[in-house]
Structures are given as C-alpha cells and as structure tokens.
Amino acid sequence: QVFTDSKRRPSYFTEKSNESAVKYINRKFPNIDIRGGSQHLSSIQKQKSAVLEGLQSYYESFIDVMEFRDNVYELLNTIDACQCFFDIAVNFDLTKNYLDLIVTYASVFYMLSRIDDKKAIVGLYNCAYEFSNGNSDPSFPRLGQMFIEYDHPWKKLSEEFGPHTKSVTGALLSLRMLYPRRNLSADQWRSAQLLSLLASPAAMLSPTCCDTMACEYLSTEVMERWILIGFLLCHSSLNTNADSQNLWKTALRSGLYLTVIRDEVLNIHKLSEDFFDGLKGYSKRIPDIKECKDYVITNCGALRREKRNFLRNALKELTKVLEDEPALLGPKALYVFMALSFSRDEVLWLVRHAENIPKTKTPEDYADSTKHVLHFYKKVCGFASFSIFSFQGMYVCPEEESVLMSSFVSTLSTQCFCLLQAYTSTGKAPLALKDYPDLAKVMNMAQFHTRMMDSVNELLCETADLSILCFHARVFEKLFSQSSEDVSMQRYLTAFPVICSHFSQCLHPLCPEETEEIENQSLKLCVSFLEEISRQTCTVVLEICAEQCNLHEKLLPKHSAETISTARNKKLKKSLPKKGDVPKEKPGTESLRKDRAIVTNLDKMHQALTELCASYSICADFTVFKHIIVPAEFLLSQLEIRLNKVIVQMANYNQSTHEIARPSDLLAGIQAYVTSLHSLSCYINIDVTRLVKNVLLQQTQPLDSYGSQTITTLYTNWFLEGLLRQASSALIVHCPTTQCFVNQNTENEQSFHAEEYADICGLRSLAELIGPYGLKFLNENLMWHIISQVGELKKLVSDNMDVLVQMRANFENPDAMSDLQKKLTGCENVLKRMTIIGVILSFRSMVQEALGEVNVSIYCLKDLISPEGDIKVTLSVYEMASAAGLPCEIDPALVSAIANMQTDNSSIEDEFKITCLLLVFIAVSLPTLCLDPNSFYSRAQGGHQNNIHCLATAVNHIAAAMFTVQRKNTRIQLQEFLKVASSILLQLGQNVERMEIKNRDSIYVILHMIVEQSPFLSQDMLETCFPYVLLRNAYREVHKTFIHTMG
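Remember, predicted model here, so these are calculated numbers, not experimental data.

### Some words on the overall build of the protein chain
For the protein chain, the count of helices and strands is 43 helices and eight strands. In the protein chain, which comprises 1047 residues, the proportion classed as buried is 51%. Within the protein chain, counting contacts between residues at least 6 apart in sequence, those at least 24 apart form 76% of the total. As presented, the protein chain carries roughly 50,200 Å² of accessible surface, and 52% of it is formed by carbon and sulfur atoms.

Here is the structure:
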C-alpha cells in the first residue's frame, strides 16, 4: 500500500536518476552484478547510505516473511510427525489455530506475489549494502530465490502442502457437520426460531448449553476461508472424497468473494477455475465451479437479503427481552454472541460484495441499509453462570496431563486448556482426547463461561469486530447514507461512529507506521458521521421550533385588532363576508382533529426527532484512539451554529431598504424557540440552558464565535442609519411625553413606523435581546457620532473666537450684543449639530432606562458617590452603574470619548476656553430658532417639531462631560451659560414687531427644560436671571395654542 501511494512512495523510485538502476535490477534479479552494471548503478552508489536507511525496514519485513516460512515449515512437519488429530468439535482451539495458520501462511505469500516492487526494493537495498560493505547481504540469495518460487503462489503452495494433505483434510472435514448447520437459509432459521428466547418459555431461565459452545459463534466467513483456501492447497480429496467435495461446493455457493486481508479479496470462483484448469485430472471440477458461480449470481443476493431481514427482527426481539429482563443475559449469554456473530457475518458479506456487485437483475440485494448491531453491546454484562467439574480423580491421566488438568481446574486458564489439547491430540498420547468426548464437552463449556467472566471484551471483539470497515470507507459511508435516509434506521445511526472505535484493533505492533494514518482515517469518519447525525437532528429540531414560533406569532397582540373588529361587526349585525371569502382560521385550530390517524407535518417531525435522539442513547461516550468522543456535544455545537444563524435571519435586516424586524417581535420569536428547545431535554440528556445562554451571549457581541454578524451589529446599524439619521433631519421626532420616537407627517411615506421600534416596549425588548454588552457596543457607535459633531463644533468656535470672547464679556449690553451678533457666523450650524447630539443622547437615555427596567440593579453604591468627590472613583462607579442601566449625573461613556479626542496638543486651559465659548455660542444662537416654523412646542408630544427640545439634553451632557475632563466646576460654568441665554432671550421681548417673536414662547420653554433636566442647575438659579412670570406665560400660550388647534 505504501508503494501504491505516490505521496508515500520512497523518492528512490520516483527520481529520474534512479530509473536506469531500477530497470537494471528488475531485469537481472536475482543475479545482480554491481561491477558489470556500474554505469546503471552509479546513482545508487552516490546515495548508498540514504538507500540503506530508507529501505531497511522494508527489507527486514521480507526477511521476517522468510523466517515465518521456515518456522511454519518446521511446525507443520512436527505436527505431521506427531500424527496430530484435529476435530473442531473436540479440540476446538487446536483445530482453529491450525487452520488459521494455514490460511494466514497462504495469504502472506499471495500478498507477497501482489507486491510489484519487491524485487526492486530488495535489489536496491542489496546493491547499496554491497557498495558499503564490499559483499552481498547474507539473506539476499534466499530472499531472491523465495521471490522467484512464489511468482505463482497457489501452484507453489499446493506443492508445499502435498505432504500435509492428510492433516489439513482431516481438520477441514471436521467442519462437515458444523458448516452446513450454520449455513442455513432464513426460512430454516425462522422455522427453528433461532435466537428467540420466547420460543420455549419454560426453558427461559435454563442456561443455554451445547456440546460445542465455541462453534456456535464461530464466524461462517472464517470457516469459508478455511474450506476454500484449504482445498486449494490440499485438493486431492476433492476427487476421492464425497464429503470433501460437498463441503467445498457448499462454501463455493456462499458468495463470489473471499477476504484475504483488510480490503484485499479473492474472486474465489475465477481463482479456483484458473487453478484447476492447469491441473491434470481436475477437469470435472470446472463445471462444478461454474455451476456454483451461477447459483451465487442467481440466488445468493436474495438469500442474504432475507437473512439480514430475519436478523433485524431477531435482534430487535432479543434486545427488547433483555432490556425487560436483564437477568436473562447470564443464562442466555450464548444467544447474544451468536446474534453478534451472525450479524457481523452478514455485514461483512455485504461490504465485500458491495464494491463488486455481479451482473444481476436484482442489484438492490447488494445495497441494503444494514442495521448495525453495536447498540446490542450495552446489553452484555460481565456475568455468567457455570459449573466447575473436578477431574483430578481420573485414573487414566498420566503425570504431565494431570498437572495441566489440575492447573486448568484451579485457574480455568484458556492457555492451559490449549496446551492440554495439544498434549492429548497427538497419535501416541496416553490420554487421547478423541476417546473422551464428554471431557471435551465439559471443558469447552467451562472455558466459555470462564471467558464470560474474565474476557468479555475479547469475546465481543471475536464475535462483533467490524474494524475491517476502516479499509472499506466508501462502502461504510454509503451504508451510513442509506441508513440516514430511512426513518426506521435513524435510531441506530450512532452505531456508525461507534464502529470507528474498533479501528484501533487493525493495528499491529510490527507496523507502527500505520498508526497515524489509521487514526486519522478513524477520526475523520467518526467526526463526519457525527456531524451528519447532528445536522439532521438540528434540522428537525429547528423546523419544530420554527413551526412553534409561527403558532406563537399568531397569538401576538398585533393580530387581535382583526378578531375584535370581526366580533364587533358580528354583534352589530353588519355586512357579513361574501361566500367566496375564506374565513381566517383562529389560533389553536391546528390542535383540533377528528381522527388521530391523520398525521400532521408536526407529527412527522416529532417522530423523526424521537428516532434521531434515540441514536444518542446508544452510547453516551466512546474512545477512538485515546480521543474521548461525546456525540451529544456535536449536537450542541451544531445547534449553536444553526441557532445563531436562525436568530440573525429572524431579524430580517435589509441594508438597502433599512428594514428590520421589530425588537419585540424578534424577542417573542426567540422566546418561542427557547421554549421549544427546552422540550429537547425530554428526548436526550443535554444541557439546553447552557446552549441557549451561549447563543444569546454571542448575540450580545458584534460578531459571534464564527465571525458572523449578530443582531447587536444589525440593530446598531439600523438605529444609526435608519432611525437616528432621519431623526437628525427632523423626519422623525423625539416625543418625551410618550417616551418614543414618532414619524412626522410628510408627503413621502416612511418605510417604517418609528414608534414601533423606539417606544418603551421596543427598547425594553432590545435591551433584553442584546443585553448590557450589546448596548455598550451600541453606545460606542453613538459616541463616535457625537464626537464627530463635537469636533465640528470646536472648529466653529475657533472660527468665531474673537467675537465670542467679546460677547461673553458684553452679554448684558444689548447694543454691543446686537453689533456682535451681526459678525457671528454659523449660528444655525451650531444649533443643528447640538440638536443632532441631543437626539442621539435622548435615544441613549431611553435605551439606558429600558436596560435598567429589565435588569435587577443595585442602587445603593451609586447613591453614595458624589460628583464633587474623587473623579476617578466617581467615573468608575458611574461606569458600572451605566452598564446596569442606571442614570448618572455625568455620562462616563461620553467623558471617555471626549477624553480620547485628538486635541492637537492643546492645553487643558485652551480646551476649557473653547468649551466656555461653545456654551456662549449656543446661548447667543438660541433666538435664531424662532425663525424656524417647526420650532413650535407641541403639548401632545412634550417637545418641538424639529427636535430642538433635545438641546436641553445635549447642553447638560456635553457640558458635564467636557468640564469633567478638564477638571472644572460644571455648576459655575452652566450658571454662566444660563445668564447669557437669559439675557439674550429677554431681549426677544423688546422686539415686538420682529419675526423672532413668532415662536418666542416655545424657545422660552427650552430654557426651562435645560434647568429642569440639569443636576447642576435649579429653579432658584433660573429665577435670578429669568423672570418666572415669562415662563408661566409661555406655557400658557403654547397650551392655549394646543387647545385651539385641537378644538
């Protein structure tokens, strides 16, 4: 396999410089003259050390094969000299090991003949060895001769086994009763009620015993390999012995292919026909072979299919009985291993024929979603009942046999029994085991029960090992695909990844280089199976959740209006709907059914979920090459990925049209999903709460754990680009009375209703969805927009620096202020930018309030902090309070954002001066608001039509944050702002005929709002500089206007 893989093939066979050497060695092998071929072998001489090192393990492997042959020669000759007796029913272990040895020996040399590069490997190594040491490797001549002899392996092997024909034939003929009994049809099995514990209720508690315990679970595949390969090597009895011929024909009718090792198979009919065609006197066997081949092609597929169907039902019954009565596992343990062995034989037959399907009218016989039997393992317990017999008193036992017998009885050792069989099966043994069949029967039974106590895992491996599937990955994956499509098979799907835990049994200490490759193959298959099972389960779970979400959506309050209207019209006896109109179904009608036999789509999904979740109960965890695999974790991981995607899809965000689902609707949908997900714990033991917490926590971050956008990012983008951008243009108005944003009445209809998203309910839902972490991300983006506006405001202040300084000094001189006002530029720009900041901060305040309402917060710590204390301590406490949704006198996020602004290395005093002048700029610009007709104050909304009432929020927050960064007293500076603003607004009252007085009262209200919302200003401060009577009159006027408008 290494040399057939171009990636693993040694470089000496792929380099162009060595092509001449390889061709020369193959042509001259085994008589390679390094002197005569020096021109061809010069490249090998240059890299002799590398060749020796690279090919040493391969060369030594061939030497191991040669030594194996020598040892087998010696052993077979010793067995013949001792005239050993072989009978599978009497000395089972000895006979089994003998036949295994023969088949293994033949398989080794058949595989040796399949290695195309063996001559090049050995020749290259020997040339490099001779270049290094001056002489040929001592083993090379014998290796070369062995390669030549076994170019035609079966002919050479049959010649070698000629002297051993008597022993081999005798061992094979001992199967003439066992193999036909085991190779029955499904109808015969059914008639005999094979594997049924319910067939004889009276004998249900009696231990299952027979004369040949180990033979009952001996693999038929193994027996077929013994028979077919054994009679190829020792074929003379096929012409002389009818029993041999009948046994051979029966095995030939069992299938087309025979496993040699792993995925190497023999086309046994073609091989036998070619082999006997070249032998004199065997012409009559050719028609027998063809007849058996035709029988296999015509009938074998259907017969095997029926066997698999029978075993499915038999295994199901056996499992149910043992689940109900576990105590039966002890006395009926033999049934368990028989069932496992029979099932394994059928699975392996299907696997080795699936890739070599013959031309037949019924190819479906070779494509079956075979139910694997590993789920049966959990029923097998480590206990069995058995009796111990004492044989020390047998007077016929010689001394050596007596010692072994005593050892066997005292320790019940399988090894001692094998030695005893060997001693008592020779021709001149004083105690011939064949003369004491009762002794063999008792010993076989005692040995079986001993293995049940001490070596259950070994028995399981012997009867149900499916590690060969590691080398039939394509067939294995195809079987899994077929099973996953069959609903009745889905409860056994976890058996496929569990089979991957068997693959470690393919390893051998003599081939450590295979470990990594087989481990990777095992893990790859295991993970792919579990991911597919999890994907299917996850799909069904989320489909059920989606259906439940749709049903829950019908119960939302927004659908009640139509129902109420219909009921009212019916009560008032208004016009009824026309005959053609289909009445709308009420929520809950889906639960009404007249016949339980009617299966709904939801019923089908629940059935599929039941089947899939049942597969997870087969095995809670298993080990594949020291990796602990937990199938339920794959489901949790898949659910986490899919649920994240589903939540984002439920948001329905469209970036081009700025459409998105209402937070309250999304929250209701997620709650419906979570409720349905919790029902999953009724099917399978998984931590749904942990899953939901992980998913929802990821949705509070800008990106989830897989780098995809979350609802936090989507809603942040939507509120910034959709709602707040339109609010900045006064297309959407902040409404303090109802604590929401509402659409303006304009000619162009808006694509959404702001009050459905930015009301108390919507923002509470948003706070629940994205939590403190998500709102922190939203706030960071809000702060970025605010800081960009603050930067522009500073530029405007710098442009009007001289004028503002003079206005700050002369704000009480009306004439001077009038002249300076004409020199001032950008008043509308300043107010526009401050209004934008105010809108953003008003939205942020609403979000913070919603967060505080959905979170259980601790107020006492914040209440103990005063802004006049240590500012670092104050800000740290405010930061925690703000994260919990508590209102703070100073906004810590805004302070942090302003502190991080680029100041072009300006000093704190310069920044302080700019901040003071900014407040002056805002104060002196307030009269310009009167010119805007939308500056009208609406009592219904509690604010102005152009959002200028948000100036109060902007002034208070910006001043507090900037003066905190500059370590100045906010209260004193705001008092100065109040004086300047009051003075400027009082001058409006003197201009009776000017346009500024149109919305004068509405602007007076803004001044009152600034004081009312500020933690640093009071009404007393306001009254010292602005008469209260003006405020009272202003409120009366705006309210009077409201009444006139409504009336």
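### Quick notes on the side chain of Q945
With respect to the helices and strands, Q945 occurs in the loop between strand 8 (943-944) and helix 39 (951-965). Relative accessible area serves as the criterion here: at 18%, Q945 is assigned to the buried category. If we ignore the near neighbours within four places in the chain, the residues touching Q945 are A730, V733, Q744, N934, F936 and S938.

### Re the pattern of salt bridges
The tally for this structure, following the rule as stated, stands at 33 salt bridges. Where E721 meets R725, a salt bridge forms, and the shortest distance between an N and an O atom there is 2.9 Å. Separated by four residues within a single helix, E721 and R725 lie in helix 30 (residues 711-728), roughly one turn from each other. On the basis of relative accessible area, R725 is assigned to the partly exposed category, the value being 47%. What you see here is one network of salt bridges that share partners, running through E221, E224, R225, R304, E346 and R352.

### Here's the deal with the nonpolar core
A general tendency of soluble globular proteins is for nonpolar side chains to be buried together. Counting residues in each nonpolar core, the largest one holds 185 residues, and the members touching the most others are F503 and F741. No other element matches the 15 residues that helix 31 (residues 760-799) contributes to this core. What F503 contacts, discounting residues up to four positions off in sequence, is L466, S467, L469, C470, F476, I518, S522, L525 and F625. By size, the runner-up hydrophobic cluster in this structure holds 118 residues, among which are V72, C292, L329 and F337.

### Overview of the packing of aromatic side chains
One pass over the structure, following the stated rule, counts 34 aromatic pairs. Arranged with centres 5.8 Å apart and planes meeting at 65°, the rings of F912 and F963 form a pair that is edge-to-face. Taken together, the positions of F912 in helix 38 (residues 908-925) and F963 in helix 39 put the pair 51 residues apart, joining distant regions of the chain. There is no split in this pair, since F912 and F963 are both buried. Taken together, the ring pairs in this structure connect Y715, W718, F719, F741, F752, Y757 and F843 into an aromatic cluster. The ring of F85 carries the charged tip of K434 above its face, separated from the ring centre by 5.3 Å. When the ring centre of F912 is taken as origin, the NZ or CZ atom of K968, which lies over that ring, is 5.0 Å away.

### Brief notes about the environment of S882
Considering the arrangement of structural elements, one finds S882 in helix 36 (residues 871-883). Each C-alpha atom, one on S882 and one on Q848, is 7.3 Å from the other, the two residues being 34 residues apart in sequence. When near neighbours in sequence (up to four residues on either side) are disregarded, S882 contacts R844, Q848, L851, C888 and P892.

### Considerations on the pairing of strand 6 (residues 740-743)
Burial of strand 6 is two-sided: the residues C740 and V742 facing one way and the residues F741 and N743 facing the other way are all buried. Taken together, the four bridges between strand 5 (residues 732-735) and strand 6 define a ladder with antiparallel strand orientation. Directly across from C735, in strand 6, lies its bridge partner C740. Hairpin connection from strand 5 to strand 6: four residues lie between these consecutive antiparallel strands, with Q739 at a positive phi of about 55°.

### A look at the packing of helix 4 (residues 92-114) against helix 8 (residues 165-173)
Look at helix 4 against helix 8: their axes get within 10 Å of each other, and the N-to-C directions meet at 120°. For the element pair helix 4 / helix 8, the angle class is oblique. The two elements helix 4 and helix 8 meet at a crossing, and its hand is left-handed. Residues T95, Y98, L99 and I102 of helix 4 touch helix 8, and the partners they reach there are S167, V168, A171 and L172. Considering only residue class, the contact of helix 4 with helix 8 consists of six nonpolar, two polar and no charged.

### Remarks on helix 6 (residues 140-149)
Regarding helix 6, the residues found buried are F140, L143, G144, M146 and F147. End-on view of helix 6: buried residues confined to an arc of 160°, all on one side of the axis.

### Let's talk about the confidence of the model for the protein chain
For the protein chain, per-residue confidence averages 84 on the pLDDT scale, and residues scoring 70 or more make up 89% of the total. In the model of the protein chain, helix 18 (residues 399-411) stands out as the element of lowest mean pLDDT, 49, in contrast to helix 12 (residues 220-233), which has the highest, 95. Confidence drops under a pLDDT of 50 for residues 408-412, and excluding neighbours within four residues, the segment shows 13 contacts in the predicted structure. Overall, residues 1043-1047 carries pLDDT values under 50, and its contacts beyond four positions in sequence, including any with other chains, amount to zero contacts.

### A short note on the environment of Y179
Among the structural elements, Y179 can be located in helix 9 (residues 178-182). For Y179, a relative accessible area of 0% puts it in the buried group. Distance in space between the C-alpha atoms of Y179 and C215 is 9.5 Å, their sequence separation being 36 residues. Look past the residues within four positions of Y179 in its chain and what remains in contact with it is T220, M223, E224, I227, L247, T250, A251 and S254.

### What to know about helix 3 (residues 48-81)
For helix 3, which comprises 34 residues, the first-to-last C-alpha distance of 47 Å matches the rise-based estimate of 50 Å (1.5 Å per residue) to within 8%. Where helix 3 bends most, at L55, the angle is about 50°. Contact partners of the buried residues in helix 3: helix 4, helix 5 (118-133), helix 6 and helix 7 (153-160). Once helix 3 finishes, Q83 follows within two positions and takes phi at roughly 55°, a positive value.

### Concerning unusual backbone geometry
The peptide bond linking F29 to P30 adopts the cis configuration, its omega dihedral lying at 5°. Here Q83, not a glycine, exhibits a phi torsion of approximately 55°, which is positive. Of note, Q83 is situated in the loop between helix 3 and helix 4. Relative accessible area serves as the criterion here: at 56%, Q83 is assigned to the exposed category.

### A few points about the packing of helix 12 against helix 14 (residues 242-252)
For the pair helix 12 and helix 14, interaxial distance at closest approach is 9 Å and the crossing angle is 125°. Of the possible angle classes, the one that applies to helix 12 and helix 14 is oblique. Where helix 12 crosses over helix 14, the two elements pack in a sense that is left-handed. Facing I227, L228 and F231 of helix 12, the residues of helix 14 in contact are S244, L247, W248, A251 and L252.

### Describing the state of the cysteines
Overall, the coordinates contain zero disulfides when judged by the stated rule. C506 carries a free sulfur, and the closest cysteine sulfur to it, the one in C470, is 5.0 Å from it. C538 takes part in no disulfide bond, and the closest cysteine sulfur to it belongs to C545, at a distance of 9.0 Å. Judged by its relative accessible area of 0%, C538 falls in the buried class.

### Observations regarding the side chain of E224
If you trace the backbone, E224 turns up in helix 12. On the basis of relative accessibility, which here comes to 2%, the residue E224 falls in the buried class. Residue contacts for E224: discarding those within four places in its chain leaves Y179, S254, L258, R304 and R352.

Conventions and cut-offs
- Residues numbered from 1 in each chain as written.
- Predicted model: local features only at pLDDT ≥ 70, side-chain atom pairs only at ≥ 80, totals over all residues.
- Heavy atoms only, no water.
- Helix = DSSP H or I, 4+ residues; strand = E, 2+ residues; numbered from the N terminus.
- Buried < 20%, exposed > 50% of the residue type's maximum accessible area, 1.4 Å probe, protein only.
- Contact = heavy atoms within 4.5 Å.
- Areas by Shrake-Rupley, 256 points an atom, 1.4 Å probe, with all protein chains shown as cover.
- Salt bridge = Lys/Arg side-chain N within 4 Å of Asp/Glu carboxyl O.
- Core = buried A, V, L, I, M, F, W, Y, C linked by side-chain atoms within 4.5 Å.
- Phe/Tyr/Trp six-rings, centres within 6.5 Å; stacked < 30°, edge-to-face > 60°.
- Lys NZ or Arg CZ within 6 Å of the ring centre and 35° of its normal.
- Pairing = 2+ DSSP bridges.
- Axes fitted to C-alpha atoms, helices over the stretch in contact; angles between N-to-C directions.
- Parallel < 35°, antiparallel > 145°, perpendicular 65-115°, else oblique.
- Left-handed = near helix turned anticlockwise from the far one by under 90°.
- Nonpolar A, V, L, I, M, F, W, Y, C, P; charged D, E, K, R; others polar.
- Arc of directions from axis to C-beta.
- pLDDT = per-residue confidence, 0-100.
- Expected span 1.5 Å × (residues − 1).
- Bend = angle between axes of the 7 residues up to and from the residue.
- Disulfide = S-S within 2.5 Å.

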